[in-house]
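# Working through the structure, step by step
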Number of protein chains: 2
Amino acid sequence: MTIHQTIKVAVDAVVFGYRNQALHLLLIQRKLEPYQGGWALPGGFVLDNESLEAAVHRELSEETNVTINYLEQLYTFGQPNRDPRFRTVAVAYYALVKPEAFAIAASTDADDVRWFDVRDLPDLAFDHAEIIQHALQRLRGKLRYEPVGFGLLSEKFLFSDFEKLYATILDKPIDRRNFRKKVLSFGLLTELNEKRSDGKGRPANLFQFNEDQYFKMKERGFYFEL
Amino acid sequence: MTIHQTIKVAVDAVVFGYRNQALHLLLIQRKLEPYQGGWALPGGFVLDNESLEAAVHRELSEETNVTINYLEQLYTFGQPNRDPRFRTVAVAYYALVKPEAFAIAASTDADDVRWFDVRDLPDLAFDHAEIIQHALQRLRGKLRYEPVGFGLLSEKFLFSDFEKLYATILDKPIDRRNFRKKVLSFGLLTELNEKRSDGKGRPANLFQFNEDQYFKMKERGFYFEL
């Protein structure tokens with residue numbers, strides 16, 4: 001059986017990181033046409049013998065040197081004209097990066113890999129702006145149904161980091177007192193007997209995730225009205 | 001730029017229908033190798049110039065003649081050895097069918113298209129059993145976060161149909177009194193001044209969806225503890 005089909009398969013990765021109380025996204029500058037010099041999601045064509053996830057890991061390692069903490073398939077983009085060269089079906093993934101890995105990635109190849117604040121993205125190659133919108137929407141949706149910060153925060157963090165992560169992802173202000181009360185009522189965070197300053201106010205207690213409760217909530221599902 | 005890649009792209013559709021208070025799934029019997037004579041999801045290779053969604057509609061029309069009511073991308077399956085002929089990446093969709101369309105489909109080509117009760121599926125070709133598990137999981141997850149029955153029930157239905165749809169998808173008994181109280185409190189269903197019998201008990205009032213409330217709930221999101 002011969003299938004006459006000239007479609008190519010690629011993977012693209014939307015890699016989110018959280019630093020300086022802002023949500024960031026990892027982009028690379030394209031060396032080749034099309035969109036030479038333009039900014040794009042890291043990614044590339046899948047090799048004949050590797051799984052889709054292996055292709056994502058390989059491309060991220062080749063292009064960005066970033067260490068990701070979480071990877072999930074997002075959506076497959078297959079419009080016939082999304083690549084001007086030939087038809088490419090892109091299986092998009094979304095990935096989360098801890099602040100530690102964040103710093104490393106940015107320092108390796110600063111010329112053509114860079115973290116961008118999601119509120120201030122450059123023009124993007126192909127349909128990557130659409131893929132990013134899709135990923136942001138997924139991330140926003142997840143906030144309501146599962147605890148998300150785990151993949152993006154350091155082991156220990158200030159409550160203000162956690163709160164601003166939510167405000168940033170939702171892209172809207174949060175009723176702070178109400179938010180704090182709700183989050184603490186979930187039993188998802190453990191308050192530590194250890195203080196740190198956020199650089200502005202008085203030192204405040206650090207928090208960490210209660211992993212047991214985290215995985216329980218993830219499995220059972222919940223709805224967090226935000 | 002030449003990309004040396006021999007991967008083919010296909011679509012597969014998990015088509016759910018609900019009849020006789022049981023969740024059903026549409027399967028076709030394969031005419032060709034591999035898995036000749038075996039049961040499989042409807043689907044096939046994407047043409048060079050059609051979108052992925054168009055390919056799903058074309059394959060469903062060619063193979064099953066079913067009219068679907070709702071279509072959503074499910075997940076992309078890309079393990080290198082999932083097709084014994086050559087590497088095929090399958091973009092799987094899940095679709096819902098109204099009972100009316102259900103009957104038509106089953107009567108057109110009964111030899112090689114058939115509805116199966118999801119609790120009693122035959123052996124399946126390729127990794128289609130895995131794709132179906134994924135679709136069932138998605139459907140179960142959706143029950144908690146959005147009103148689902150809209151895509152599967154007739155315009156007017158008995159509350160017992162609605163309840164059994166939930167019990168079937170969840171594959172577990174439901175606390176009936178509690179379920180009815182909760183569902184009615186959502187304002188999602190409108191009780192009509194019209195009766196029908198389910199063939200066993202006394203005639204009961206028919207219900208229909210309140211579309212306004214349906215789309216409001218879908219947009220806002222909610223959590224239905226089941």
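Given the structure is predicted, the values throughout are model-derived calculations rather than measurements. (Residues numbered from 1 in each chain as written. Chains lettered and ligands numbered in written order. Predicted model: local features only at pLDDT ≥ 70, side-chain atom pairs only at ≥ 80, totals over all residues. Heavy atoms only, no water.)

### Here we look at the pattern of salt bridges
Applying the stated rule across the entire model yields 24 salt bridges over all chains. Across the pair Glu 50 of chain A and Arg 58 of chain A runs a salt bridge whose closest N-O atoms are separated by 2.6 Å. An identical accessibility class is assigned to Glu 50 of chain A and Arg 58 of chain A; each is buried. With a closest N to O distance of 2.6 Å, Arg 138 of chain B and Glu 72 of chain B form a salt bridge. (Salt bridge = Lys/Arg side-chain N within 4 Å of Asp/Glu carboxyl O. Buried < 20%, exposed > 50% of the residue type's maximum accessible area, 1.4 Å probe, protein only.)

### Regarding the layout of surface pockets
The space that makes up the largest pocket amounts to roughly 1900 Å³. The wall of the largest pocket is formed by 41 residues, among which Arg 138, Lys 142 and Tyr 145 of chain A together with Arg 138 and Tyr 145 of chain B lie closest to the centre. Of all the secondary structure elements, the ones that give two or more residues to the lining of the largest pocket are β5 (70-77), α3 (128-145) and α6 (211-220) of chain A together with β5 (70-77), α3 (128-145) and α6 (211-220) of chain B. Looking at the lining of the largest pocket residue by residue, the class counts come to 12 nonpolar, 11 polar and 18 charged. (1 Å grid on protein atoms, 1.4 Å probe; cavity = no way out; pocket = protein on both sides within 12 Å on 5 of 7 lines; lining within 4 Å. Points joined across faces, edges and corners; volume = space filled by probe spheres on them. Helix = DSSP H or I, 4+ residues; strand = E, 2+ residues; numbered from the N terminus. Nonpolar A, V, L, I, M, F, W, Y, C, P; charged D, E, K, R; others polar.)

### Comments concerning the relation of the copies chain B and chain A
Turning chain B through 180° and shifting it by 0.0 Å along the axis lays it on chain A, with an RMSD of 0.0 Å. This pairing of chains is accounted for by a two-fold axis. Residues of chain B ranked by C-alpha distance from the rotation axis are headed by Tyr 223 of chain B, positioned 2.6 Å from it. Most of the interface of chain B is mirrored in chain A: 100% of its interface residues are interface residues there too. (Least-squares fit on C-alpha atoms with pLDDT ≥ 70 in both. Contact = heavy atoms within 4.5 Å.)

### As for the packing of helix α4 (residues 159-170) of chain A against helix α5 (residues 176-185) of chain A
For any two helices packed against each other, the geometry comes down to the angle between their axes and how far apart the axes lie. Residue and element names in this part refer to chain A. Put simply, α4 and α5 touch, their axes get as near as 11 Å, and they point 105° apart. Between α4 and α5, the angle falls in the class roughly perpendicular. Between α4 and α5, the residues in contact are Phe 159, Phe 162, Glu 163 and Tyr 166 and Arg 176, Phe 179, Arg 180, Val 183 and Leu 184, respectively. When grouped by side-chain class, the residues that make up the contact of α4 with α5 number 6 nonpolar, no polar and 3 charged. (Axes fitted to C-alpha atoms, helices over the stretch in contact; angles between N-to-C directions. Parallel < 35°, antiparallel > 145°, perpendicular 65-115°, else oblique.)

### Brief notes about the domain arrangement of chain A
Residues and elements named next belong to chain A. Here chain A is described as being made up of domain 1 (8-134) and domain 2 (148-219). On a C-alpha basis, the centroid separation for the pair domain 1 and domain 2 is 27 Å. Taken together, the contact between domain 1 and domain 2 spans 14 residues of the former and 15 residues of the latter. Summing both partners gives a buried area of about 1100 Å² for domain 1 against domain 2, and 54% of it is carried by carbon and sulfur. Contact with domain 2 buries surface across domain 1, with Tyr 18, Gln 21 and Leu 23 losing the most and accounting together for 51% of the total. Joining domain 1 to domain 2, the criterion identifies 0 salt bridges. On the surface where domain 1 and domain 2 come into contact, there are 6 residue pairs in polar contact (both at pLDDT 80 or more). Taken together, the residues that form the side of domain 1 that touches domain 2 break down as 8 nonpolar, 3 polar and 3 charged. (Domains from an automatic or database assignment. Buried area = accessible area lost by both parts, 1.4 Å probe. Polar contact = N/O pair within 3.5 Å; in protein donor to acceptor, adjacent residues only side chain to side chain.)

### Comments concerning the packing of α3 of chain B against helix α4 (residues 159-170) of chain B
Residue and element names in this part refer to chain B. Running from N to C, α3 and α4 cross one another at 135°; their axes reach a closest spacing of 9 Å. Here α3 is positioned oblique relative to α4, judged by the angle of their axes. Where α3 crosses over α4, the handedness of that crossing is left-handed. Note on element contacts: α4 touches α3 through Tyr 166, Ile 169 and Leu 170, opposite Leu 139, Arg 140, Leu 143 and Arg 144. Class assignment for the residues of the contact of α3 with α4 results in 5 nonpolar, no polar and 2 charged. (Left-handed = near helix turned anticlockwise from the far one by under 90°.)

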